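Letter by letter, the chains look like this.
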Amino acid sequence: MRLGEVERLRGELAGFVADVFASLPRRDQRRWGGCYLRGLMLDGRRKSIQPMAERLPDGNMQALQQFLNQSPWDPLPVRRRIAERLSEVIAPEVWVIDDVSFPKCGTASVGVARQYCGALGKRANCQVAVSVHAATDTASCPLEWELFLPEEWADDDRRRRRAGVPDEVRYVSKGRLALGLLDRLAAQGLVVPVIVADAGYGRSVSFRLELEERGWSYVMAVDPKEIARPVAAEPFQPAYGGLGPPTLPRYREPARPLTSFITSDTSFEEVVWRQGSKGRMTSRFAVIEVRPSGKEACRTAQEQAGGRSSWDGVLPLRTLLVEQPEDTDGPTGYWMTNLPATTPITDLVRWAKMRWRIEHDYRELKHGLGLDHFEGRTWRGWHHHVTLVTAAQALLTLRRLDPKAHTPA
């Protein structure tokens, strides 16, 4: 946005800041929060503190630096209020779990390690953050964030002190971080819609089972090498040999990969899931019931039955969604869901494909609002910057969805 456009937003921005930054105890903190948001929305190649301060009429580099990196305001209540406002307006059909990377030089910036960097498509020095986004076909916005702390940071007290990593923050897998974010959002009283994720999360059977234990529905991309059994597979009880514990029920045939469930007899249906800028988004899909059969699935089935001796060996049914476009020799995508196979296939496909919306988020967050332009090194500064960028995108999203409601009279 040009300077004149941003300046005309001052009245509207003041109301937004008063609402989402109400948890900040001091007036000057809310003032510099509003100033930082204007800097993020203002046109410019870099959205780090110095160039933003130089572009803003009331910019003060020292004050913005102190507000971002030293001021002890808590970003969680700010993100909580943003999530509440956006959820009311967007009415999300899905929450999308994802992670995003930030290439970095050196080793001092918090969480930096040599790891897979999606932004570069290879292993590189970078930070990685896990996020949850609210999404429909027409709107989306991040609701929560957490920075992933690699194992090499967990016990390095010197690096942790220099970056200001809180004592309670330890190494946690990305899947556990995502569950923590979902729990945090659910604890706010937000309605949890269908949860969507790529195979980075969906391939973890234990992650899917954690969602099921919380009573949440999901549609997640999975690895086609995951093993399962057909619906009709029935376990049998071997005769007891008289020594040791009783033998468990077992299947006569080994579990097989998901790819083997697609045969020449599989019925695919043409589904249109979205009207894109280049026309209708359409492909062929099939819905199949399977019984996931990995170690985690078997262990959980035993636990839910009351223990090893009580389990009858029957594995629960799950629904498998498979995509195979007309002009391909085989499937190009697999998704697992705990929704029943009677769920309309159009809904399953639409939810599975709705992950595309977060690519729109990342384009705006990175290229328009400087999500990856933070030049500080601390835990506090990183979370402050990400929260402020989220607030800027939330305001822009609210204005796009209902311009009259967010335009001063």
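Everything numeric here is computed off the predicted structure, so don't read it as measured data.

J.: I would appreciate a short explanation of the layout of surface pockets in the present structure.
T.: Over the atoms a probe the size of a water molecule is rolled, and this reveals where empty space is left. Of the pockets and cavities examined, the largest pocket occupies roughly 490 Å³. Lining the largest pocket we find 25 residues, and of these Glu146, Pro166, Val169, Trp379 and His383 sit closest to its centre. Residue assignment for the lining of the largest pocket shows that the elements contributing at least two residues are α6 (75-90), β4 (140-147), α9 (174-187) and α15 (379-401). No other element matches α9, which puts five residues into the lining of the largest pocket. Grouping the constituent residues of the lining of the largest pocket by class yields 13 nonpolar, four polar and eight charged. Roughly 310 Å³ of volume is contained in the second largest pocket. Along the wall of the second largest pocket there are 14 residues; nearest its centre are Asp99, Val100, Ser101, Gly118 and Ala119. Contributions of two or more residues to the lining of the second largest pocket are made by β1 (94-103) and α14 (357-368). Per-element accounting of the lining of the second largest pocket gives the leading share, four residues, to β1. Residues of the lining of the second largest pocket, tallied by class, amount to five nonpolar, two polar and seven charged.

J.: How do you make sense of helix α5 (residues 61-70) when you look at a structure like this?
T.: Each turn of an α-helix holds 3.6 residues, which means side chains three or four residues apart point in the same direction. All buried positions along α5 are accounted for by Ala63, Leu64, Phe67, Leu68 and Asn69. Those residues of α5 that are buried are in contact with α3 (27-41), α4 (49-55) and α15. The N-cap of α5, judged by a side-chain oxygen 3.1 Å from the amide nitrogen of Gln62 a few residues on, is Asn60.

J.: What exactly am I supposed to notice about the packing of helix α2 (residues 10-20) against α15 here?
T.: To describe two helices that pack against each other, one gives the angle between their axes and the distance between the axes. Contact geometry of α2 with α15 gives a least axis separation of 11 Å together with a crossing angle of 120°. With respect to their mutual orientation, α2 and α15 come out oblique. As for how α2 packs across α15, the hand of that crossing is right-handed. In this structure, α2 uses Glu12, Leu13 and Phe16 to contact α15, whose residues at the interface are Ala391, Ala394, Leu395, Leu398 and Arg399. Residue classes in the contact of α2 with α15 are distributed as six nonpolar, no polar and two charged.

Conventions we followed
- Residues numbered from 1 in each chain as written.
- Predicted model: local features only at pLDDT ≥ 70, side-chain atom pairs only at ≥ 80, totals over all residues.
- Heavy atoms only, no water.
- 1 Å grid on protein atoms, 1.4 Å probe; cavity = no way out; pocket = protein on both sides within 12 Å on 5 of 7 lines; lining within 4 Å.
- Points joined across faces, edges and corners; volume = space filled by probe spheres on them.
- Helix = DSSP H or I, 4+ residues; strand = E, 2+ residues; numbered from the N terminus.
- Nonpolar A, V, L, I, M, F, W, Y, C, P; charged D, E, K, R; others polar.
- Buried < 20%, exposed > 50% of the residue type's maximum accessible area, 1.4 Å probe, protein only.
- Contact = heavy atoms within 4.5 Å.
- Polar contact = N/O pair within 3.5 Å; in protein donor to acceptor, adjacent residues only side chain to side chain.
- Axes fitted to C-alpha atoms, helices over the stretch in contact; angles between N-to-C directions.
- Parallel < 35°, antiparallel > 145°, perpendicular 65-115°, else oblique.
- Left-handed = near helix turned anticlockwise from the far one by under 90°.

Geometry only, nothing functional implied.
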